[in-house]
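Now for the letters of each chain:
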Amino acid sequence: MSERKTLIRKLVYGAFMVVLFVPLSMMSQPATKESSGGILARLRKTHKLSQAELGDIDPSSATMKLATMGMGGVAVNLLWERANEYKKKEDWIALGATLEQIVKLQPHFYKVWDFQAHNLSYNISAEFDDYHDRYTYVIRGINFLKQGFEKNDSEPRLLNRIGWYIGQKIGRADEHKQYRRLFREDWNNLFHVTDNPDRTPEERDNWLVAREKHRLAEDLADTLKSRNIYLKTTPLLFYSEAPKSQINYAETRQLEGRFLQPDERSETKRAWETARAEWREYGQRQLPTSFGIEIRLQDLENQEKLAAELTAEIEALLPGVRERLRDEKLAGFAADIREAIRTPFEHRTHDQMALAAEHEYKTAVNWDEVADQAPADQRADAKRLSNALMRAEAQVNAISTERGKVNYEYWRTRGDAESEEITLEARRLTYEAGDQMDRANVDKAIPLYEEAWKKWREVVDRYPRMAGESVSADELVEDINRYKKALSFYGQKFPQPFILQEVIDVAEMKIIYTPEQLAEMEREAERKAEQKNGDE
């Protein structure tokens, strides 16, 4: 009887196994090129758990992983050390082979893709004499990044690097004129084989393509953020790349003289207007910072105004308290330290600078300390104001720091200025004067330069940062120096004072404007412009 029960139980178990086999086999069916597979395969794809599809497995990669017997991490570390040695020896062929082995073992290691792409586009390409060969290796580096992204389609940094190489390596190389031309003409080969073949020649401009790649990287990063997967790089710089590519596109049009004819001029103006809009859009983006708070770059002026208003409120509530607390702290220092701290920054001697740098922070009085001095019936209001003020000051400090990293104010001003007809006219005159100099027509260049300086004077009066920042000053001084040579050719003296003397002084570091001074100059220019418009 017991044997019969055992047999029945086995038959029942067997029947269950047969019944379950069908749904289980359907659920676990692997994905192929033609099919998305079963439920488990689709879940693996949705949650990025699957590394390969059936029919798309790299046999050499799978073999290497099998051969390491679970020691892939150790093998990758050993190969990485070997790669560093080959790099030091400039053995590019051995370096490339070693990095290919690392990629086979660990295709999801971002740094390998980035490292190898740099090796191809920068190091190996430099070994060739013909720029066509150098360009080929630049493109190979970009293609390598594309290959990396295909294996890591949830890694926005790879997409961002593709955009960076297309923009910076092709647009900033010594051979950028040739590279930019080849990039347009070679659209159906190399990098472009899977890209949109219907682009117009202008849409194939490397800066516009770079901007497009950066935008795709942004979209991917935003999608991942909605799933609580955050960037593994600095968002401040990551999100600045797309608008900077548009700025570089507009700037390159000017450098290439593609704004002299009316239709080209309107297109260049439109390019700068787009750049201005995109840079301001970037300023509106909520960005995390190393300060532990999120900021928007455009909010500095509003936060400064808020901080000033709150400061006035708390000082009206508790007049003189902060100064008294600071004096109490100062009293504990030696006389020379007190004098150094009390001396305005611009009047301090070298020794006072050192003393102030060492001790000044110890005399700082935060607003919580001020609020603690309030009478009991005012303490709640004082605490509320001090907390709000410290938050505003933290925003001001963080925004100012982050703005400095991307030179936010300069590029915002540049976008505004370059969109103006007066600036386009100043650049046209300067460009045509330089062209006449290249043709050795010095007599024609001089009046063009002199007319250009008048236009630039109007631009600088309207946008002081265009002269106050060394970036623009250096560019203009190159043209001013050519004007000097033109004058000396005819034995004429350079005019003193020069109409753009502050531009020369900034470039030669005879004048160094602080951010506060530049901001005040801009406010003054705005006041004058408003007054002029009111008079008209």
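Conventions and cut-offs
Residues numbered from 1 in each chain as written. Predicted model: local features only at pLDDT ≥ 70, side-chain atom pairs only at ≥ 80, totals over all residues. Heavy atoms only, no water. Phe/Tyr/Trp six-rings, centres within 6.5 Å; stacked < 30°, edge-to-face > 60°. Buried < 20%, exposed > 50% of the residue type's maximum accessible area, 1.4 Å probe, protein only. Helix = DSSP H or I, 4+ residues; strand = E, 2+ residues; numbered from the N terminus. Lys NZ or Arg CZ within 6 Å of the ring centre and 35° of its normal. Salt bridge = Lys/Arg side-chain N within 4 Å of Asp/Glu carboxyl O. 1 Å grid on protein atoms, 1.4 Å probe; cavity = no way out; pocket = protein on both sides within 12 Å on 5 of 7 lines; lining within 4 Å. Points joined across faces, edges and corners; volume = space filled by probe spheres on them. Nonpolar A, V, L, I, M, F, W, Y, C, P; charged D, E, K, R; others polar. Expected span 1.5 Å × (residues − 1). Polar contact = N/O pair within 3.5 Å; in protein donor to acceptor, adjacent residues only side chain to side chain. Contact = heavy atoms within 4.5 Å.

*Asks:* Explanation requested: the packing of aromatic side chains in the structure shown.
*Replies:* Two descriptors summarise a pair of aromatic rings, namely the distance from one centre to the other and the angle between the planes of the rings. Overall, the coordinates contain 20 aromatic pairs when judged by the stated rule. Seen in terms of ring centroids, W164 and Y165 are 5.9 Å apart; in terms of plane orientation they differ by 65 degrees. Their pairing is edge-to-face. With relative accessibility at 25%, the residue W164 sits in the partly exposed group. A relative accessible area of 0% means that Y165 is categorised as buried. Here Y483 and F498 contribute two aromatic rings whose centre-to-centre distance is 6.4 Å and whose plane-to-plane angle is 35 degrees, an arrangement assigned as tilted. Taken together, the residues Y483 in helix α24 (residues 470-489) and F498 in the loop between α24 and α25 (501-507) connect sequence positions 15 residues apart. Exposure class is identical for Y483 and F498. Each is buried. Positioned over the ring face of Y239 is R285, at 3.8 Å from the centre of the ring.

*Asks:* Is there a simple way to explain the pattern of salt bridges in this structure?
*Replies:* Side chains that differ in sign of charge can pair as their charged atoms come close. Enumeration over the complete set of coordinates arrives at 51 salt bridges. Of the charged contacts, one joins R285 and E218 as a salt bridge, the two residues approaching to 3.9 Å between their closest N and O atoms. Remark: E218 occurs in helix α10 (residues 206-226) and R285 occurs in the loop between α13 (262-283) and β1 (287-288); sequence separation between them is 67 residues. A relative accessible area of 25% means that R285 is categorised as partly exposed. Owing to a relative accessible area of 4%, E218 belongs among the buried residues under this scheme. Linking K383 and D368 is a salt bridge whose minimum nitrogen-to-oxygen distance equals 3.5 Å.

*Asks:* How do you make sense of unusual backbone geometry when you look at a structure like this?
*Replies:* Excluding glycine, residues mostly carry a negative phi; peptide bonds, for their part, are mostly trans. The omega torsion of the bond from Q496 to P497 falls at -5 degrees, within 30 degrees of zero and hence cis. Relative to the elements of secondary structure, P497 occurs in the loop between α24 and α25. Phi is positive for N407, close to 50 degrees, though the residue is something other than glycine. Here N407 is to be found in the loop between α19 (379-406) and α20 (408-418). With phi around 65 degrees, A440 is a residue other than glycine that occupies positive phi space. Among the secondary structure elements, A440 is positioned in the loop between α21 (421-438) and α22 (442-462).

*Asks:* Would you take a moment to explain the layout of surface pockets for this structure?
*Replies:* Where empty space is left can be seen by rolling a probe of water-molecule size over the atoms. Taken as a whole, the second largest pocket spans an internal volume of roughly 990 Å³. Mapped onto the lining of the second largest pocket, the elements with two or more residues apiece are α14 (300-317), α19, α20, α23 (465-468) and α26 (515-535). Of all the elements, α26 adds the most residues to the lining of the second largest pocket, at 9 residues. Of the residues belonging to the lining of the second largest pocket, the class tally is 15 nonpolar, 8 polar and 14 charged.

*Asks:* Looking at this structure, how should I read α21?
*Replies:* The periodicity of an α-helix, 3.6 residues per turn, causes residues three or four places apart in sequence to face the same way. With 18 residues, α21 ought to run about 26 Å at 1.5 Å a step, and its terminal C-alpha atoms sit 26 Å apart, in line with that. At the exit of α21 stands A440, carrying a positive phi of roughly 65 degrees.

*Asks:* Could you clarify how one ought to interpret the side chain of N119 in this entry?
*Replies:* Note on placement: N119 falls in helix α6 (residues 110-124). On the basis of relative accessibility, which here comes to 1%, the residue N119 falls in the buried class. Side-chain polar atoms of N119 contact the side chain of Q116, separated by 2.8 Å. In this structure N119 touches W92, L95, G96, L99 and I124, once residues within four positions along its chain are discounted.

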